[in-house]
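Summary of structural features
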Amino acid sequence: MTTCFIADLHLSADRPDITDCFLRFMSEEATQCEALYVLGDLFEMWIGDDDDNTFHRQIKGAFKALTESGVPCYFIHGNRDFLIGSQFSRETGVTLLPEHTVIDLYGTPTLILHGDTLCTLDENYQRYRKKVHNPFIQWLFLRLPLSWRQSIGRKMRSNSSQTNQIKANSIMDVTPQAVIDLMKEKKVTRMIHGHTHRPAVHQINKDDLQATRTVLGDWYDQGSVLRCSPMGCQLETRQFPDA
Ligand code: MN
């Protein structure tokens, strides 16, 4: 009995090494799981479910095979793939979950999320996030021709890597108080998220809250999986296949 969590794969056609590691994980490991949770940034970029190409079909096929084999699969949007929508869900059998979701993980209520909502000191990003999560703005964007959306997406991708290089480390990480406030609001003592690419298990002992915050690793240099069972949770890595 194992539940797996992954995040921040940033899959793209330019990184076949990540894709290979992911596809191997899906066919050899995820099939043995009780459930798979993907906590955002599965894709480096997602500009709409109608952006169908060989690469996307390959990834969607892996999810479809998994859910059809009887392993339930859940997805929470990241800041790169927040436009994954109902068509993707229908094509893959993956269930889309709200940004902050509490699940019962072997008896422990556990809050799962991507993690970008915890980075409250990054005010520019939070302003941007509010805009791009506005349903009307999304509705408008998705009606632009695919080629326009592709070029907007490429531009945003290069802008974001430039600005992130000059942002302070503390701004890029979660705000400790935001973590505590959200855990209290959701009445949980365990939280699992990605986004910061700083895999770790943090023990929190503050304001009469004793809690655990587990951060998933990214998939830039290796695969990264959190495996949970009734005995506990373990952060693990997976080597990329030899190039
Ligand atoms: Mn992210």
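So, on to the sheet that holds strand 8 (residues 200–206). If you walk across this open sheet you meet the five strands as 5-6-7-9-8, and the pairing is mixed. Of all the strands in the sheet, just strand 5 (101–105) and strand 8 have a single pairing partner and so form its edges. On average, each strand axis in the sheet is inclined to that of its neighbour by 25°, with strand direction left out of account. Note: strand 7 (residues 190–193) against strand 9 (residues 209–215), four bridges, orientation parallel. Note on strand 9: the bridge partner recorded for R190 is T212. Helix 8 (residues 176–186) contacts strand 5, strand 6 (108–113), strand 7, strand 8 and strand 9 of the sheet and is inclined by roughly 110° relative to strand 9.

For the rest of this paragraph, the subject is the side chain of K60. Residue placement: K60 occurs in helix 2 (residues 54–68). Overall, the relative accessible area of 6% leaves K60 in the buried class. Only 2.8 Å separates the side chain of K60 from the side chain of E91, close enough to count as a polar contact. Dropping the residues within four chain positions of it, K60 is found in contact with D49, D52, F88, E91 and T92.

With that out of the way, let us pick up the coordination of the manganese ion. In this structure, D41 (OD), N79 (OD1), H114 (NE2) and H195 (ND1) serve as the protein donors to the manganese ion, at separations of 2.0 to 2.3 Å. Each donor residue of the manganese ion lies on one chain, and together they are spaced D-x37-N-x34-H-x80-H. Of this pair, D41 sits in the loop between strand 2 (35–38) and helix 2 while H114 is found in the loop between strand 6 and helix 4 (123–132), placing the two residues 73 residues apart along the sequence. Overall, D41 belongs to the buried group, its relative accessible area being 2%.

Another aspect to go through is unusual backbone geometry. Glycine aside, residues mostly have negative phi, and peptide bonds are mostly found in the trans state. With phi around 55°, D8 is a residue other than glycine that occupies positive phi space. Checked against the element boundaries, D8 lands in the loop between strand 1 (3–6) and helix 1 (16–29).

With that settled, the discussion passes to the sheet that holds strand 3 (residues 73–75). Two modes of strand pairing occur in sheets, parallel and antiparallel, and in both the strands are linked by backbone hydrogen bonds. As summarised here, the arrangement of the six strands in space is 4-3-2-1-10-11, forming an open sheet in which the pairing is mixed. Looking along the sheet, the strands with just one partner apiece sit at the ends: strand 4 (95–96) and strand 11 (232–238). Sheet topology note: the strand 10 (residues 223–229)/strand 11 ladder contains seven bridges and is antiparallel. Note on strand 11: the bridge partner recorded for V225 is E236.

Quick look at the packing of helix 1 against helix 2 now. Across the interface, helix 1 lies against helix 2 with an axial gap of 10 Å and an inter-helix angle of 20°. Relative to helix 2, the element helix 1 is oriented roughly parallel. Considering the relative orientation of helix 1 and helix 2, their crossing is left-handed. Along the contact surface, helix 1 presents T19, F22, L23 and M26, while helix 2 presents F55, Q58, I59, A62, F63 and L66.

Moving on to the packing of aromatic side chains. The full count for this structure, using the stated rule, is ten aromatic pairs. Taking the centre distance of 5.7 Å and the plane angle of 45° together, the rings of F22 and F63 count as tilted. Here F22, found in helix 1, pairs with F63, found in helix 2; they are 41 residues apart in sequence, far enough to count as distant. Each member of the pair F22 and F63 is classed as buried. Ring centres of F136 and W139 lie 6.2 Å apart, and the angle between their planes is 15°; on these two criteria the pair is classed as stacked. Of the two residues, F136 and W139 are both situated in helix 5 (residues 135–142); the distance of three residues between them amounts to about one turn of the helix. Among the aromatic residues, ring-to-ring pairing joins F22, F43, W46, F63 and F88 into one connected group.

What counts, and at which threshold
- Per chain, the residues get numbers from 1 upward, laid out in the order the sequence is written.
- Given that the model is predicted, a residue must reach a pLDDT of at least 70 before its local features are reported, and side-chain atom pairs must reach 80 or more before they are shown or counted; all residues, however, enter totals for whole chains, interfaces and linings.
- Calculation of side-chain values draws on the structure's entire complement of heavy atoms; hydrogens and water are dropped beforehand.
- Only strands joined by at least two bridges in the DSSP assignment are considered to pair.
- Only DSSP runs of H or I covering at least 4 residues are called helices, and only runs of E covering at least 2 are called strands; the numbering of each starts at the N terminus.
- Axis lines are fitted to C-alpha atoms, over the contacting stretch for helices. Their N-to-C directions set the angle, which ranges from 0 to 180 degrees.
- In this description, contact between two residues means that some pair of their heavy atoms is separated by no more than 4.5 Å.
- To sort residues, take the accessible area from a 1.4 Å probe on protein chains only and compare it with the maximum for the residue type: under 20% means buried, over 50% means exposed, and anything in between is partly exposed.
- Side-chain atoms alone can form a polar contact between residues adjacent in sequence; in general such a contact is a pair of N or O atoms within 3.5 Å, and within protein one must be able to donate a hydrogen while the other accepts it.
- Here a donor is an N, O or S atom found within 2.8 Å of the metal, or within 3.2 Å if the metal is Na, K or Ca; sites may look incomplete because water is not among the atoms.
- Roughly parallel here means an angle under 35 degrees, roughly antiparallel means over 145, roughly perpendicular means 65 to 115, and every remaining angle is called oblique.
- Note on convention: near helix rotated counterclockwise from far helix by under a right angle means a left-handed crossing. Clockwise means right-handed.
- Put simply, two rings from Phe, Tyr or Trp (the six-membered ring, in Trp's case) pair if the centres are within 6.5 Å, and we call them stacked under 30 degrees between planes, edge-to-face over 60, tilted for the rest.

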